[in-house]
Amino acid sequence: GDHFAPPPSAMGRWAAEGEEAEGASEALTGSRAEGSSLLALGRAIGLNSSAPQTAVWLPERNVVCYAAASLLVLHEIETGAQRHLIGHTARVCALSICGGTQTLLASAQEGRSPTVRLWLVASGCCVGVLCAHAADLCTLALSADGALLAACGSDTGARQVIALWDTSAVRAGGAAKLIASKRTEQHVAALKFCAGPQDDELGSDEERNRLVSCGAENVCFWRLKGGTLRHCVAELQGHNHEAFVAIAVDVGVGRNALSTVSNRRAFVATASGKLMQLRVETRALEFVFQLHTTMIAAVHLTEAFCITGSVDGVLRVWPLDFSEFLLEAEHEGPVSCIESSSDGLTILIAIDRVNALGLMDLSTHRYITLVRSHQGPVLCAAADPRRRQFVTASADGSVRVWDSDSGRQICEFEAAGELPSVVVYHPTEHALAVGYEGGAVRVFDVESTSMSHEYKLHTAKVVALHFDSHGRCLFSASTDGALVAYDALKDYWPMQVYAAPKPGGSVSMALLPGESALVAAMSVVPTRSSVGGGGAVGGVTGGGSVADAPDSPTDILAVCGLERGLLLLFHAGDLRRPPAQIELTVSGGRAAALTLSHDGGRAFVCGANGSLLRYELATGEMTGHAPNLHREPIETIALSASGTHIVTAGADRIIKVWPLQTLFGSVGASKTGARRKLGVGGLPPHQSFVAHGDGVCAVGFSSALGATQLVSVGRDGLVAVWEVSEAVTQPEAEEHAAGRGRTTSSGLLSTQRMLHLADFRTTVASTYRIAPSTVAGGRLRAGGGSLASGARSS
């Protein structure tokens, strides 16, 4: 329960000493000091709508604060601008606020040893970190003057405990003090302070700041006396067996005819749709109103109205005599939280199950959606190469397209009963391809919000999708080692299938465009690829040709994880040609993610042990090894458009930005543990950033039609859009910077001439690092895989 000062922010600081950003990011990240930070969090898309205290309205009329995963988002209604409070390490489950000269915000997180943080909203500074519970923190309340903070959670014996802190000194830089902790036998689901008058009519502060709690079969009134929390159970006159779920109290004293010192009221909502009115002074039940037919999950009181929301999505606005509701609104999911602006004319509504936050003007009945977000872990993301948009796929079953600048959801796609696993944009059309866990691949047209094509050739989860550089061919790969090519110009007709004999499970794809320097130097690549013949693998028939232009060289498709321990290089126009193979040296042979340098000369592969490796595609040689970049497995990597920085992220929830010039040492040096410019912590210089409360599933750069952004998504359901510094987007002044391992043009020509003469067979074992078992009788067996193509009648 002791207060401790938050550590200095690690956001945007060079981690030359190997420091991590975990738990050290309380800074407000809405702005970035010029030249200091490579990333700045510009927008967070998410909402913890299942929490009953997920949003509050700041004293400033046009600013609301809501919880998004482990973040607190300060959202300006008119402009859509955001600021972010970062510091929690788990999902935020409750918020409470009090105004005054300095607005004080309290936030609590769930999980084990849950912490409560106190923030000064104006500066974004965390001024207190409190902990008094072992788990299950469920509700939080600040007194009207900000002098007291109450929270309810569980101790190590799973018994509920109400903790009370004196927070009167935190605005002036003092510490919060735990003044009472009471174990209670009465179940507590919600807590509220009963705001007292600002004079001495009721005596001491202890008397004025009373608490009301409700839970299963009880409503209790609490007060602090002699340093001890004491409670009295309200007499409910035969309604004791109700489940009480939410509380609202008079917002002020003397500001309306029905709220006086002797006539303060508390309203308690029940699971049966009733609202009970109790007098605070006598703790007596006065009235019982049947307002809904289902559970009232949220209740809010203003000077003129009482607003209730139920789990069937119905919101009603009542006069204070509850004679008849004045307004009713239906929503797509349960109403979980209701707040109002300072004038009481605009209400803020959180909707569970659809993860939406809306605003309703009571005078005009105008309704706008402020936030809409995923309801489950976000598994992958892809940026539109031609528009300021990106797409995400989530375990909630939806695929959503977003505006990169405003965070507004543009459209949503769902396939009933199926979960999307991977998504990719078409390079030239406003369309996207989605792979599903059941093995289906679907193509959606974004403009018409309709599905244009559907195939189910895979028998396992589709984990990788990629178009060729011109959008003429689509490739899909699944966990069972199957790789399928579709002709995008002919209704995505399946053309060829490659089946790996030893599937790697986790598959990642990247493309070497035919126009790249490496592919242009590879005379083995045909300028026109035709697919003919017959055959079938896994029931796939049909065929045709990849409609490349006669003068257009074919792309090279790089695939890692399709076959265990190998990086395969396919001719994108003809999967029947045996792929070149590079043996990977990642831990356990499992490669988690792959990306290629923009000139196509190098492949960057991350392993499950937090390491990153660099391979020269022209020789198959590993020329860089950076071990232990993360404490947990790296799951995703992205290379900046300038090719100067690489971003890594994974299970440790930290996003790290590395300059390539200083990331890799020589292979020989890495084997002895020596690398360039290592800090005390043993890591090269980098910057660490934290926004997600759980593992990061995907990161990717977006630079279409404007400033470059980085999109990150995670298992906590959060979508984060980062502003990227010019230091990352601008190319290096020195073309041959140290550590980049640039391959000369003559070396490429020489190597690829050898490959051409051998037709990818006889000398490929000596040119690439290929396992001896894959070469027999001077012929490459494509890793022992099955190759097939078919011919479709016209």
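Note that the structure is predicted; figures quoted are calculated from it, not measured. (Residues numbered from 1 in each chain as written. Predicted model: local features only at pLDDT ≥ 70, side-chain atom pairs only at ≥ 80, totals over all residues. Heavy atoms only, no water.)

### A word on the overall build of the protein
Cut-off, in case you're wondering: Here a helix means four or more residues in a row that DSSP labels H or I, a strand means two or more in a row labelled E, and each is numbered from the N terminus. Any residue under 20% of the maximum accessible area for its type is buried, any over 50% is exposed, and the rest in between are partly exposed; the area is computed with a 1.4 Å probe on protein chains only. Contacts were defined at the residue level, with two residues in contact if any of their heavy atoms lie within 4.5 Å. To measure how exposed things are, a 1.4 Å probe is used in the Shrake-Rupley method; for residues, cover is taken only from the protein chains shown.
Summing up its helical and strand segments, the protein has 7 helices and 59 strands in all. Classification of the 794 residues of the protein by burial places 59% in the buried group. When contacts within the protein are restricted to residue pairs at least 6 apart in sequence, those whose partners lie at least 24 apart make up 51%. Approximately 29,300 Å² of the protein is accessible, and the part contributed by carbon and sulfur atoms is 49%.

### With respect to the state of the cysteines
By definition, a disulfide is the covalent link that joins the sulfur atoms of two cysteine residues. Put simply, the rule is: The disulfide criterion used throughout: a pair of cysteine sulfur atoms within 2.5 Å.
Under the definition given, this model contains 0 disulfides. Here Cys93 stays unpaired: no disulfide links it, and the sulfur of Cys138, its closest cysteine neighbor, is 7.9 Å away.

### Observations concerning the packing of aromatic side chains
Centre-to-centre distance and the angle between the planes together describe a pair of aromatic rings. Worth spelling out the cut-off: Centre distance within 6.5 Å is the pairing criterion for rings of Phe, Tyr and Trp, where only the six-membered ring of Trp is used; planes under 30 degrees apart are then read as stacked, over 60 as edge-to-face, and the remainder as tilted. Either the NZ atom of lysine or the CZ atom of arginine qualifies as a charge over a ring when it sits within 6 Å of the ring centre and within 35 degrees of the ring normal.
By the definition in use, this model includes 11 aromatic pairs. Ring geometry for Trp318 and Phe322: centres 6.4 Å apart, planes at 45°, overall tilted. Taken individually, Trp318 and Phe322 each receive the classification buried, so the pair is uniform in this respect. Taken together, Phe267, Phe287, Phe289, Trp318, Phe322 and Phe325 form an aromatic cluster joined through their ring pairs. The ring of Tyr436 has Arg442 sitting right over it, with the charged end atom 4.6 Å from the ring centre.

### Quick look at unusual backbone geometry
Look at Ala158: it is not a glycine, yet its phi comes out positive at around 65°. Along the chain, Ala158 turns up in the loop between β11 (148–154) and β12 (160–166). On the accessibility criterion, Ala158 (61% relative accessible area) is exposed.

### Some details on the sheet that holds strand β18 (residues 244–249)
Filter applied, for reference: Two strands qualify as a pair provided DSSP detects at least 2 bridges between them. As a rule, the C-alpha atoms of each element are fitted with a line to give its axis, helices using only the stretch in contact, and angles between N-to-C directions run from 0 to 180 degrees.
Spatially, β18-β19-β20-β21 is the arrangement adopted by the 4 strands of the open sheet, whose pairing is antiparallel. In the strand order of this sheet, the two ends are held by β18 and β21 (284–290), each with one partner. For this sheet, the mean inter-axis angle between neighbouring strands, taken without regard to orientation, is 25°. As defined by bridge partners, strand β20 (residues 274–279) adjoins β21 across 6 bridges and the pair is classed as antiparallel. Looking across to β21, one finds that Leu275 is bridged to Phe289.

### With respect to the pattern of salt bridges
Stated formally: Salt bridge, as applied in this entry: a Lys or Arg side-chain nitrogen positioned within 4 Å of an Asp or Glu carboxyl oxygen.
Tallied over the entire structure, the rule returns 18 salt bridges. The salt bridge involving Asp250 is made with Arg265; its shortest N-O contact spans 3.1 Å. Residue Asp250 is located in the loop between β18 and β19 (265–270), and its partner Arg265 is located in strand β19; the two are separated by 15 residues in the primary sequence. With respect to burial, Asp250 and Arg265 carry one shared label: buried. One salt bridge connects Asp405 with Arg388, and the closest N-O pair in it is separated by 2.8 Å. With Asp405 in the loop between β32 (398–403) and β33 (409–414) and Arg388 in the loop between β30 (378–383) and β31 (389–394), this residue pair connects regions lying 17 residues apart in the sequence. Given a relative accessible area of 42%, Asp405 falls into the partly exposed group.

### Let's talk about the pairing of strand β46 (residues 591–596)
Buried residues dominate β46, accounting for 6 of its 6 residues. Linking β46 back to strand β47 (residues 602–607) in an antiparallel pair, the connection comprises 5 residues, with Gly600 at a positive phi of about 75°.

### Considering the sheet that holds strand β26 (residues 335–340)
Taken in spatial order, the 4 strands of this open sheet run β26-β27-β28-β29, and their pairing is antiparallel. Here the strands that pair on one side only, and so sit at the sheet edges, are β26 and β29 (367–372). Here the strands of the sheet are splayed against their neighbours by 20° on average, with no regard to which way each runs. One ladder, built from 5 bridges, connects strand β28 (residues 356–361) with β29; its direction is antiparallel. Residue Ala356 lies in a different strand from β29, and its bridge partner there is Arg372.

### Description of the side chain of Thr308
What counts here: Pairs of N or O atoms are called polar contacts if they sit within 3.5 Å, as long as, within protein, a hydrogen donor faces a hydrogen acceptor (for residues adjacent in sequence, only side-chain-to-side-chain pairs).
For Thr308, the position within the fold is in strand β23 (residues 305–310). In this structure the side chain of Thr308 is engaged in a polar contact, spanning 2.7 Å, whose partner is the side chain of His292. Excluding its chain neighbours within four sequence positions, the residues that come into contact with Thr308 are Leu291, His292, Ile296, Ala298, Val299, Val314, Leu315, Arg316, Trp318 and Ile338.

### Regarding the environment of Leu327
By the element assignment, Leu327 lies in strand β25 (residues 327–330). The class for Leu327 is buried, based on a relative accessible area of 10%. For the pair Leu327 and Val317, spaced 10 residues apart in the sequence, the C-alpha separation amounts to 5.1 Å. Look past the residues within four positions of Leu327 in its chain and what remains in contact with it is Leu315, Arg316, Val317, Met360 and His365.

### Some thoughts on the pairing of β23
Most of β23 is tucked away, with 5 of its 6 residues classed as buried. Here 5 bridges tie strand β22 (residues 296–301) to β23, and the two strands are oriented antiparallel to one another. The residue bridging Leu301 from the neighbouring strand is Cys306, located in β23. Connecting β22 to the antiparallel partner β23 that follows it, the hairpin turn spans 3 residues. For β23 and strand β24 (residues 314–319), the ladder comprises 5 bridges, and the chain directions are antiparallel. Bridging across to β24, Ile307 finds its partner in Val317. In this antiparallel pair of consecutive strands, β23 and β24, the connection spans 3 residues, and Gly313 shows a positive phi of 90°.

### Examining the side chain of Arg117
Following the sequence through the fold, Arg117 ends up in strand β8 (residues 116–120). Given a relative accessible area of 7%, Arg117 falls into the buried group. Here the side chain of Arg117 touches Gly87 through a polar contact of 3.2 Å, landing on its backbone oxygen.

### What about the environment of Leu148?
Among the structural elements, Leu148 can be located in strand β11. Spatially, the C-alpha atom of Leu148 lies 4.9 Å from that of Asp166, the residues being 18 residues apart in sequence. Residues within four places of Leu148 in sequence aside, it is in contact with Ala141, Leu142, Ser143, Leu164, Trp165, Asp166, Thr167, Ile179, Phe193 and Asn209.

### Observations concerning the confidence of the model for the protein
For the record, the criterion: How sure the predictor is of each residue is captured by pLDDT, a score from 0 to 100.
The predicted model of the protein averages 80 in pLDDT, with 77% of residues at 70 or higher. Confidence drops under a pLDDT of 50 for residues 522–551, and excluding neighbours within four residues, the segment shows 88 contacts in the predicted structure.

### Points about the environment of Asp352
The residue Asp352 is located in the loop between β27 (346–351) and β28 in this model. The class of Asp352 is partly exposed, set by a relative accessible area of 21%. With 41 residues separating them in the primary sequence, Asp352 and Val311 have C-alpha atoms 8.7 Å apart. Those residues in contact with Asp352 that lie beyond four places of it in its chain are Ser49, Ser50, Gly333, Pro334 and Ser336. Within polar-contact distance, the side chain of Asp352 engages the side chain of Ser49 at 3.1 Å.

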